[in-house]
Amino acid sequence: RYCKPKLADLLSVLKLDTHAVSASGNYIKCDDGKNVLDMVSGFGTALLGHNHPEIVETAVGALRNNLPVSVQGTVRGASARLAKRLNELLPADSENYCVNFSNSGTESVEAAIKHAYKVRFEKVLREYERLSRLLNDFYYRVERMPVCPELPGKNRHLIEFRDDLDEYNLAQFERFQNHPVMLCFKGGYHGKTISSLKVTFNKSFRESFEGLSAIQSIFIDPENPQRIPEVMQENLCTFYYPAIENGKVELKPVKLTRVIGLIFEIIMGEGGIKPLSDRTLVYLASEHKNNGLPYIIDEIQTGCGRTGQIYGYADTPLAKVSPEYITLSKALGGAIAKIGATLIRKDIYEPDFGILHTSTFGEDDFSSEVALSALKVLTRNGGEVLDKISHKGQRLFDRLEELRHEYPQIIKEVRGKGLMLGLEFTALQERSPFFRAAGKQGVLSLLVASYLLEYHHIRVLAPLTTMLKGNPGKNRLSVIRIQPPVTITDAEIQRLIDGLREVCQVIQNNNEFCLVGHLIGAPVESPERKACRYFEARWPVIEDPQAIDARAGFIVHPVNLKTLIEYYFPSFEGYFYNQEQVYNWWNGISRFLEPVHVKNEYVTSNEFTIEINLVFVPYLPGYINTHKSDPWLAREMRDKVQDAVNVARELGDDNIPVSIVGLGAYTSIITQNAQTINDYEIPVTTGNAYTVGLTIQGILSSAQHRGLDIEQAKIAVVGAAGNIGMVIAQILFPRAGKITLLGSRNPGSEFRLRYARQQCLFELLNTIREEQRRAVDIGETLIQGQAYQIYQHLMSDESDSATSLRKALATSGITVEHAKILEQLIFKMPDLYPEVTTKTTALADCDIVVVATNTEEAELIHPGQLKPGAIVCCTSVPSNLSDAFSDEDTMLAFDSGLARLPEDSQIRFVGMPRHGLSYGCLAETLVLAFDGQNHSYSKGVLVPSQVYQIMEKAVLHGFDLGGLKFDDGTLFLGDKPQRPHKSISTGVMNV
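Predicted model only: the values in this text are computed from it and were never measured.

**Structural notes on the overall build of the chain**
Alright, step 1. When helices and strands are tallied, the chain shows 30 helices and 35 strands.
Alright, step 2. Taken over the C-alpha atoms alone, the chain extends approximately 105 × 100 × 55 Å along its principal axes.
Alright, step 3. By residue count, 58% of the 991 residues in the chain fall in the buried class.
Alright, step 4. Contacts in the chain between residues far apart in sequence, at least 24 positions, make up 72% of those at least 6 positions apart.

**Some remarks on the nonpolar core**
Alright, step 1. Judged by nonpolar contacts, the single largest core of 156 residues is most densely connected at Leu447, Tyr568, Phe569, Trp585 and Trp586.
Alright, step 2. In terms of residue count, the dominant contributor to this core is helix α14 (residues 443–456) (10 residues).
Alright, step 3. Not counting residues within four places of it along the chain, the set of residues in contact with Trp586 comprises Phe434, Leu564, Tyr568, Phe569, Leu593, Pro618 and Leu620.
Alright, step 4. Leu86, Leu89, Val370 and Val385 belong to the second largest nonpolar core, which has 64 residues in total.

**With respect to the packing of α14 against helix α15 (residues 490–508)**
Alright, step 1. Contact geometry of α14 with α15 gives a least axis separation of 10 Å together with a crossing angle of 125°. Between α14 and α15, the crossing angle belongs to the class labelled oblique. Between α14 and α15 the crossing geometry is right-handed. In this structure, α14 contributes Leu444, Val448, Tyr451, Leu452 and His456 to the contact, and α15 contributes Arg495, Gly499, Leu500, Glu502, Val503, Val506 and Ile507.
Alright, step 2. Its residues assigned to classes, the contact of α14 with α15 comprises 8 nonpolar, 2 polar and 2 charged.

**What to know about helix α30 (residues 944–956)**
Alright, step 1. Relative to the 18 Å expected for 13 residues at 1.5 Å per residue, α30 spans 19 Å between its end C-alpha atoms, a close match to the ideal helical length.
Alright, step 2. Within α30, burial applies to Pro944, Gln946, Val947, Tyr948, Ile950, Met951 and Ala954.
Alright, step 3. Once α30 ends, the next one or two residues include Gly958, with phi positive near 85°.

**Digging into empty space enclosed by the protein**
Sizing a probe to match a water molecule and rolling it over the atoms shows the empty space that remains.
Alright, step 1. This model, assessed by the stated rule, comprises 6 cavities of 30 Å³ or more.
Alright, step 2. Reported here for the largest cavity is a volume of approximately 240 Å³.
Alright, step 3. In terms of lining residues, the largest cavity is bounded by 18 residues, among which Val556, His557, Val559, Met912 and Tyr919 are the most central.
Alright, step 4. Residue assignment for the lining of the largest cavity shows that the elements contributing at least two residues are β19 (550–556) and α18 (561–568).
Alright, step 5. For the lining of the largest cavity, the element with the highest residue contribution is β19, accounting for 3 residues.
Alright, step 6. Its residues assigned to classes, the lining of the largest cavity shows 14 nonpolar, 4 polar and no charged.

**Details of the sheet that holds strand β16 (residues 420–425)**
Alright, step 1. Spatial ordering of the open sheet is given by β15-β16-β18, a layout of 3 strands whose pairing is antiparallel. The sheet terminates laterally at β15 (411–417) and β18 (479–482), the two strands that pair on one side only. Each adjacent strand pair in this sheet contributes to an overall mean axis angle of 15°, direction not counted.
Alright, step 2. Packing of helix α12 (residues 365–406) onto the sheet brings it into contact with β15, β16 and β18, and relative to β15 it is tilted by some 170°.

**Section: a nonpolar patch on the surface**
Alright, step 1. A contiguous nonpolar surface patch, about 280 Å² in accessible area, is contributed by Ile194, Phe209 and Leu212.
Alright, step 2. With respect to the helices and strands, the residue Ile194 is situated in helix α7 (residues 194–198).
Alright, step 3. Accessibility expressed as a relative area gives 34% for Ile194, which makes it partly exposed.

**What about the sheet that holds strand β2 (residues 27–30)?**
Backbone-to-backbone hydrogen bonds pair the strands of a sheet. The strands run either parallel or antiparallel.
Alright, step 1. Reading across the sheet, the 4 strands line up as β1-β2-β3-β17 and stay open at both edges, with mixed pairing between neighbours. The sheet is open, and its two borders are formed by β1 (20–24) and β17 (458–459), each paired with just one other strand.
Alright, step 2. Two elements, β1 and β2, share 4 bridges in a ladder whose sense is antiparallel. Within β2, the residue paired with Ser22 across the bridge is Lys29.

**Let's talk about unusual backbone geometry**
Alright, step 1. One non-glycine residue, Asn510, lies in the positive phi region at around 55°.
Alright, step 2. By the element assignment, Asn510 lies in the loop between α15 and α16 (512–516).
Alright, step 3. Within the chain, Asn606 stands out as a residue other than glycine whose phi angle is a positive 55°.
Alright, step 4. Along the chain, Asn606 falls in the loop between β20 (596–605) and β21 (608–616).

**Some remarks on the environment of Thr837**
Alright, step 1. Take Thr837: it is sitting in strand β26 (residues 835–837).
Alright, step 2. Here Thr837 falls in the buried class, since its relative accessible area comes to 11%.
Alright, step 3. For the pair Thr837 and Gly748, spaced 89 residues apart in sequence, the C-alpha to C-alpha distance is 13 Å.
Alright, step 4. Dropping the residues within four chain positions of it, Thr837 is found in contact with Thr740, Leu741, Leu742, Gly743, Leu753 and Ala842.

**Brief notes about the state of the cysteines**
Alright, step 1. Summed over the entire model, instances satisfying the criterion amount to 0 disulfides.
Alright, step 2. For the unlinked cysteine Cys98, the closest cysteine sulfur is that of Cys304, found at 18 Å.
Alright, step 3. On the basis of relative accessible area, Cys304 is assigned to the buried category, the value being 0%.

**Overview of the pairing of strand β24 (residues 714–718)**
Alright, step 1. Burial within β24 is extensive, with 5 of its 5 residues counted as buried.
Alright, step 2. Taken together, the 5 bridges between β24 and strand β25 (residues 738–742) define a ladder with parallel strand orientation. Of the residues in β25, the one forming a bridge with Val717 is Leu741.
Alright, step 3. Once you follow β24 into helix α24 (residues 723–732) and on to β25, the crossover reads as right-handed.
Alright, step 4. As defined by bridge partners, β24 adjoins strand β27 (residues 848–851) across 4 bridges and the pair is classed as parallel. By the bridge assignment for β27, Ala716 is matched with Val849.

**Here's the deal with a negative patch on the surface**
Alright, step 1. Side chains of Glu857, Glu859, Asp883, Asp887 and Asp889 sit close together on the surface and give a patch of like negative charge.
Alright, step 2. Relative to the assigned elements, Glu859 resides in the loop between β27 and β28 (871–874).

**Some details on the packing of α12 against α15**
Alright, step 1. Remark: α12 packs on α15, axes separated minimally by 11 Å, with the N-to-C direction vectors making an angle of 20°. On the basis of the axis angle, α12 is roughly parallel to α15. Crossing of α12 over α15 shows right-handed handedness. On α15, the residues touching Lys392, Arg395, Leu396, Arg399, Leu400, Leu403 and Glu406 of α12 are Asp490, Ile493, Gln494, Leu496, Ile497, Leu500 and Arg501.
Alright, step 2. A per-class count over the contact of α12 with α15 returns 7 nonpolar, 1 polar and 6 charged.

**Digging into the confidence of the model for the chain**
Alright, step 1. Looking at the chain, pLDDT values average 89 and 90% of them are 70 or higher.
Alright, step 2. Here residues 974–991 is a poorly scored stretch, pLDDT under 50, and it has 47 contacts once near neighbours within four places are set aside; other chains count.

**A word on the packing of aromatic side chains**
Alright, step 1. One pass over the structure, following the stated rule, counts 37 aromatic pairs.
Alright, step 2. Ring geometry for Phe201 against Phe219: centres 5.3 Å apart, planes inclined by 70°, an arrangement best described as edge-to-face. Taken together, the residues Phe201 in the loop between α7 and α8 (203–206) and Phe219 in strand β6 (residues 216–220) connect sequence positions 18 residues apart.
Alright, step 3. The aromatic ring of Tyr139 is capped on one face by Arg162, whose charged end is 4.2 Å from the ring centroid.
Alright, step 4. One cation-aromatic arrangement involves Arg529 over Tyr455; the distance from NZ or CZ to the ring centre is 3.9 Å.

**Considering the environment of Asn655**
Alright, step 1. For Asn655, the location among the structural elements is in the loop between α21 (631–649) and β22 (658–663).
Alright, step 2. Expressed as a C-alpha distance, the spacing of Asn655 and Ala550, which sit 105 residues apart in the sequence, is 9.4 Å.

**A short note on the pattern of salt bridges**
Alright, step 1. Considering all chains together, one arrives at 47 salt bridges under this definition.
Alright, step 2. A salt bridge links Glu122 to Arg126, with the nearest nitrogen and oxygen atoms 2.4 Å apart. In this pair, Glu122 and Arg126 both sit in helix α5 (residues 105–143), 4 residues apart, roughly one turn of the helix.
Alright, step 3. Note on Glu122: relative accessible area 16%, which makes it buried.
Alright, step 4. Residue classification places Arg126 among the exposed residues on the basis of a relative accessible area of 51%.
Alright, step 5. Two residues, Lys412 and Glu424, come together in a salt bridge whose shortest N-O distance is 3.8 Å. Placement of the pair is Lys412 in strand β15 and Glu424 in strand β16, with a sequence separation of 12 residues.
Alright, step 6. You can call Glu424 buried: its relative accessible area is 5%.
Alright, step 7. Bridged by salt links that share partners, the residues Lys6, Asp9, Arg591 and Glu636 form one connected network.

Conventions we followed
- Residues numbered from 1 in each chain as written.
- Predicted model: local features only at pLDDT ≥ 70, side-chain atom pairs only at ≥ 80, totals over all residues.
- Heavy atoms only, no water.
- Helix = DSSP H or I, 4+ residues; strand = E, 2+ residues; numbered from the N terminus.
- Buried < 20%, exposed > 50% of the residue type's maximum accessible area, 1.4 Å probe, protein only.
- Contact = heavy atoms within 4.5 Å.
- Core = buried A, V, L, I, M, F, W, Y, C linked by side-chain atoms within 4.5 Å.
- Axes fitted to C-alpha atoms, helices over the stretch in contact; angles between N-to-C directions.
- Parallel < 35°, antiparallel > 145°, perpendicular 65-115°, else oblique.
- Left-handed = near helix turned anticlockwise from the far one by under 90°.
- Nonpolar A, V, L, I, M, F, W, Y, C, P; charged D, E, K, R; others polar.
- Expected span 1.5 Å × (residues − 1).
- 1 Å grid on protein atoms, 1.4 Å probe; cavity = no way out; pocket = protein on both sides within 12 Å on 5 of 7 lines; lining within 4 Å.
- Points joined across faces, edges and corners; volume = space filled by probe spheres on them.
- Pairing = 2+ DSSP bridges.
- Patch = residues over 30% accessible without salt bridge, like charges linked within 9 Å, V, L, I, M, F, W, Y side chains within 5 Å.
- Areas by Shrake-Rupley, 256 points an atom, 1.4 Å probe, with all protein chains shown as cover.
- Salt bridge = Lys/Arg side-chain N within 4 Å of Asp/Glu carboxyl O.
- Disulfide = S-S within 2.5 Å.
- Right-handed = clockwise from strand over helix to strand, strands pointing away.
- Lys, Arg positive; Asp, Glu negative; His and termini not counted.
- Charge placed at Lys NZ, Arg CZ, Asp CG, Glu CD.
- pLDDT = per-residue confidence, 0-100.
- Phe/Tyr/Trp six-rings, centres within 6.5 Å; stacked < 30°, edge-to-face > 60°.
- Lys NZ or Arg CZ within 6 Å of the ring centre and 35° of its normal.

See the structure below:
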């Protein structure tokens with residue numbers, strides 16, 4: 001964990017954090033005593049098995065005989081013999097190569113790219129210098145002429161012509177020098193040092209380091225290599241030199257490509273074990289001489305026997321080609337030495353390169369002796385071991401193909417060559433949501449690897465690339481990477497097939513529990529795994545599309561463990577498990593899962609239909625609350641919500657784009673009320689405004705139902721230091737009898753509560769001012785509740801402060817400073833002055849309690865804290881209301897108001913209210929979509945005016961208060977509640 005903490009966390013949560021204490025042949029012995037069959041082989045390094053006796057003896061003998069290692073600047077005999085041997089093993093008729101040795105595969109690629117750039121640079125530089133000389137000679141020749149020939153363009157002076165042309169040619173040269181172009185294939189992986197990283201396809205590896213290299217990488221579809229000449233033409237340096245023809249100066253072009261090479265793998269390892277097609281290989285071979293493009297064949301994984309040949313390309317149409325560069329590593333070191341090699345064709349080799357590109361530890365005799373020993377084992381007896389690799393690889397391939405035919409809905413493809421094979425799972429569209437999501441994100445491969453390790457003591461892995469996202473929202477392949485040593489036996493192949501067959505049946509039967517039971521402390525016994533129970537797939541992915549007029553997106557997350565299990569793990573219903581262990585495991589793995597589109601529904605109003613797309617982010621509220629103060633994890637969560645917004649946006653098309661995206665529940669909290677979301681491409685909203693509006697409606701409706709006069713009621717707002725709680729308090733304060741602002745004991749809470757009190761007073765002043773103005777028009781006073789009493793006190797006060805405030809009320813000059821003056825004036829009115837406290841005992845005499853916190857504490861508010869007959873409303877998701885309220889007869893407790901969707905529309909998804917109802921945040925997103933909103937709403941600090949505006953829009957588009965909800969039930973208060981409204985001129989909501 002001190003080295004790679006995030007990777008360590010991933011391996012730990014998947015129980016792949018094997019601690020190997022020894023390794024021999026095909027097996028790794030772990031510290032828990034398990035002997036694990038290793039089908040990973042160091043991602044291809046241990047082709048001959050771990051600690052092959054002959055190679056070990058070479059290494060031990062070299063050290064025992066005091067073989068010099070650190071003797072830079074001397075002649076290295078072993079490295080010279082290794083370079084010669086690598087040349088001898090090239091395909092027939094190949095040209096000779098100089099070999100540059102290094103310590104790893106990525107360094108081998110780095111050397112090839114550096115050399116390719118130098119070769120091209122020298123050619124372009126010399127051509128630029130030649131043309132500069134021509135231009136200079138031309139200038140002096142023409143200068144001596146009695147009559148200057150006609151110059152092209154607007155140039156009328158010879159010296160200006162020369163300088164302009166010289167400047168242009170220099171710019172062309174610098175364009176190449178500063179931005180050389182490398183052609184690469186999509187899906188390719190070539191390492192993680194600067195240049196090799198730049199030519200690696202996966203965006204997640206590259207994007208944080210793009211600016212460190214000037215290389216311009218152009219990624220081509222490997223199935224469309226015909227694009228290569230076109231790309232070379234698109235990336236030319238075009239120089240010009242002058243020539244005199246018919247008394248005129250003509251400009252003659254010289255065109256040189258900026259492309260310095262094409263790098264590719266014969267089989268893309270990290271790209272999902274994908275071999276290049278024969279069609280592509282034939283094209284590359286046939287066009288090599290024509291296009292004049294240097295080839296860098298990356299044989300780091302495929303080379304040194306992994307595919308049955310020392311050079312993998314020797315078994316392809318490219319065998320007839322002598323590529324400019326070949327890179328080797330991994331198996332070259334016999335799984336003992338760290339060594340890489342870059343073969344550079346002698347006819348293009350730059351003599352200075354061996355001085356310009358060196359390495360302290362490269363070319364040492366120890367690594368070279370070990371590599372010679374590994375090559376000796378591979379090639380002796382006419383290549384007997386290489387033949388075994390081909391035969392055993394074919395046998396393993398055939399068995400995997402049989403399994404694919406047995407489970408065609410689970411296994412999409414088996415591919416590869418020799419002992420470098422990959423098994424790709426299908427998209428699992430017919431399976432349950434967890435299998436679909438895990439398959440789409442590449443996580444399924446890791447879960448299968450974990451399953452095989454736990455129950456069958458077999459070690460496989462996914463390509464490391466699949467552990468990181470590519471472009472947000474794009475699918476990642478679920479591939480099992482199978483790269484065993486050549487010493488694998490038929491019995492061991494059968495073990496692998498049996499384990500894979502078992503896990504395929506688990507997936508086929510939609511049995512999530514069998515797959516992940518061991519990760520949550522509930523391992524499944526062998527009989528149950530071999531005959532695992534079948535569960536119907538819930539929440540099918542295929543929806544019946546409807547004709548639509550607009551699209552919107554909404555970001556959701558599991559609000560509690562219950563909804564998570566209901567959606568992702570329905571098979572858990574058939575088993576016993578510890579909820580706390582499931583909770584902890586999910587919190588561990590959720591940071592490695594990506595947002596997924598889970599549902600689309602349709603809402604219609606006034607013959608206008610909106611498609612609402614739900615995008616799921618994996619975090620539970622507890623994880624967000626626990627880690628939101630950690631700068632790294634908070635940023636990681638914010639980035640994932642941003643990715644979810646991107647996923648939602650990309651669900652639109654050119655005809656009907658997604659017009660707005662709403663943030664549900666804690667996704668607005670972690671993004672600071674959407675302030676960290678990049679909304680320049682699509683508007684976003686937190687839904688906070690309509691959530692507040694529905695809460696106010698619910699309070700007023702329930703008070704009316706109970707016969708409670710709101711103007712005499714004592715109201716407490718729990719969580720008033722937060723944005724939603726503060727705005728609820730601001731709106732209620734002018735009309736309530738008494739208000740108490742209650743916050744947590746967290747640092748800074750008391751300061752925010754005092755600020756909330758000031759905002760309440762500020763809103764009160766606005767209310768009085770608006771009512772005063774309206775009263776002038778209609779000849780009567782409309783001010784009610786607390787606002788009226790404070791108004792009376794203000795009008796009778798003869799102090800200078802009161803006079804100043806009365807003048808401000810007559811104008812538009814209401815400021816926060818005026819709120820401070822009002823605070824001083826009503827401080828002596830304890831019955832009206834807003835109370836600020838952190839003690840829940842203040843709730844004991846309140847008629848109405850509004851809860852608006854961002855804590856997931858389920859028992860935060862319970863009946864014992866309140867007086868009989870109290871009304872309790874909670875806006876928090878998940879709810880902070882105790883289950884004990886369900887047994888309380890005198891109190892009316894509900895989890896905020898719910899919006900009723902227009903025209904009997906339904907949104908059917910786990911955790912969502914039923915019967916045509918919707919949470920306020922989702923309803924706000926829909927209201928804004930119906931309204932054609934083209935900028936973000938409810939973003940950042942919410943103010944009361946936004947609440948009033950959204951309520952008016954909601955009424956216009958047929959939304960209404962639909963009922964009051966507690967737990968899974970919905971409470972309807974007699975007849976359909978009247979709709980509160982807000983007069984534009986008054987700023988007060990009335991029933």
